[in-house]
Amino acid sequence: MAKEIPDLVAEVRAGTGKGAARAARRAGMVPGVVYGGDVDPLAIQIPFNVLLKKLKAGQFKSTLWNLKVEGQDDVRVICRDVQRDVVKDLPTHLDLMRLRRTSKINLFIPVEFVNEEECVGLKRGGVLTVVRSEVELVVTAGDIPEKITVDLTGKAIGDVINISDVDLPAGAKPTIDRDFVIANVAAPAGLASADSEEEGEEEAAEA
């Protein structure tokens, strides 16, 4: 199932240049430009409070957006840059790039863990320690997975789940070359501390 693409609503901005941009900011808007896709750049503006909220939510630049501008066809875009005020660190301008359905982009995809009831380690009191709740993948803009799934069936205490253990959606691959850890099944705190005490006693006896 494809991941739902969130809307980003903007308005056409009258005029270009520094004067028009300043006028947009005075009106409580953040000016921007949409480029790419073999069509002319489009000057836009987004309400400051709306954009700031989305920026604070995180991963704005790694999210694929469905740009909605009145009088224009909806288009898929990704943010390439957000310029900020050097003193206040607030957005002053943004650049959006149009994407084709076949474009390859980097996006963070959520990780879902399933079959916890079939996990031997959890049944024995182990704890699932999630190292990455999202994984950055290279995906096709027209076929973005909603999530990647990790099957915990048969996992025991001490087992580590790497990205190589996961079946990724067709056409998707991690942005990191190494085989990184997604999660592990850790021993319960009581058992872990008991093991540490035993190791300490053995080392003391050997000494």
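Here, every reference points to the structure presented above.
Residues numbered from 1 in each chain as written. Predicted model: local features only at pLDDT ≥ 70, side-chain atom pairs only at ≥ 80, totals over all residues. Heavy atoms only, no water.

Chemist: Could you give an account of the pairing of strand β10 (residues 148–151), with specific residues and numbers?
Modeler: Side chains Ile148 and Val150 project from β10 onto a buried face, and the interleaved Thr149 and Asp151 project onto a face without burial. As judged from the four bridges shared by strand β7 (residues 104–114) and β10, these two strands associate in the parallel manner. Bridged to Val114 within β10 is Asp151. (Buried < 20%, exposed > 50% of the residue type's maximum accessible area, 1.4 Å probe, protein only. Helix = DSSP H or I, 4+ residues; strand = E, 2+ residues; numbered from the N terminus. Pairing = 2+ DSSP bridges.)

Chemist: I'd like a description of the pattern of salt bridges, backed by residues and values.
Modeler: For the structure on display, the rule yields three salt bridges. Of the charged contacts, one joins Asp38 and Arg100 as a salt bridge, the two residues approaching to 2.4 Å between their closest N and O atoms. On the criterion of sequence distance, the pair formed by Asp38 in the loop between β2 (29–35) and β3 (42–47) and Arg100 in the loop between β6 (91–98) and β7 is long-range, its members being 62 residues apart. As a salt-bridge pair, Asp74 and Lys68 come within 2.8 Å of each other at their nearest N and O atoms. (Salt bridge = Lys/Arg side-chain N within 4 Å of Asp/Glu carboxyl O.)

Chemist: I'd like a description of the environment of Thr92, backed by residues and values.
Modeler: Mapped onto the secondary structure, Thr92 falls in strand β6. For Thr92, a relative accessible area of 18% gives the class buried. Residues Thr92 and Ala24 lie 68 residues apart in sequence; the distance between their C-alpha atoms is 9.9 Å. If near-sequence neighbours (up to four positions away) are discounted, Thr92 is found in contact with Arg25, Val30, Pro31, Gln83, Arg84 and Asp85. (Contact = heavy atoms within 4.5 Å.)

Chemist: Break down the pairing of strand β5 (residues 75–84) for me, citing the residues and quoting the values.
Modeler: In the sheet, strand β4 (residues 64–69) pairs with β5 via four bridges, with the strands oriented antiparallel. Following the sheet pairing, Trp65 is matched in β5 by Val77. Following β4, the chain reverses through five residues before pairing antiparallel with β5; Gly71 in that reversal takes a positive phi of roughly 85°. Here β5 runs beside β6; their pairing, made up of seven bridges, is antiparallel. Bridge pairing in β6 links Arg84 to Pro91. In sequence, β5 turns back onto β6 through a hairpin of six residues, with Asp89 there showing a positive phi of about 60°.

Chemist: I'd like a rundown of the sheet that holds β6, residues and numbers included.
Modeler: One closed barrel accounts for six strands, arranged β1-β3-β2-β6-β5-β4; its pairing is mixed. On average, adjacent strands in this sheet sit at an angle of 45° to one another, irrespective of strand direction. The strands that helix α1 (residues 18–26) touches are β2, β3 and β6; relative to β2, the one it contacts most, it runs at about 135°. The strands touched by helix α2 (residues 48–57) within the sheet are β1 (7–12), β2, β3, β4, β5 and β6, with β3 carrying the most contacts at an inclination of about 80°. (Axes fitted to C-alpha atoms, helices over the stretch in contact; angles between N-to-C directions.)

Chemist: Describe a negative patch on the surface, with residues and values.
Modeler: On the surface, Glu116, Glu117, Glu118 and Asp151 cluster together into a negatively charged patch. Checked against the element boundaries, Glu118 lands in the loop between β7 and α3 (120–123). Take Glu118: its relative accessible area is 41%, and that puts it in the partly exposed class. (Patch = residues over 30% accessible without salt bridge, like charges linked within 9 Å, V, L, I, M, F, W, Y side chains within 5 Å. Areas by Shrake-Rupley, 256 points an atom, 1.4 Å probe, with all protein chains shown as cover. Lys, Arg positive; Asp, Glu negative; His and termini not counted. Charge placed at Lys NZ, Arg CZ, Asp CG, Glu CD.)

Chemist: Residues and numbers for α2, please.
Modeler: If you check which residues of α2 are buried, you get Leu51, Leu52 and Leu55. The buried residues of α2 occupy an angular sector of 100° when projected down its axis, which confines them to one face. What points out from α2, more than 90 degrees from its buried face, is the exposed set Asn49, Lys53 and Ala57. Just downstream of α2, Gly58 is the residue with a positive phi angle, here 95°. (Arc of directions from axis to C-beta.)

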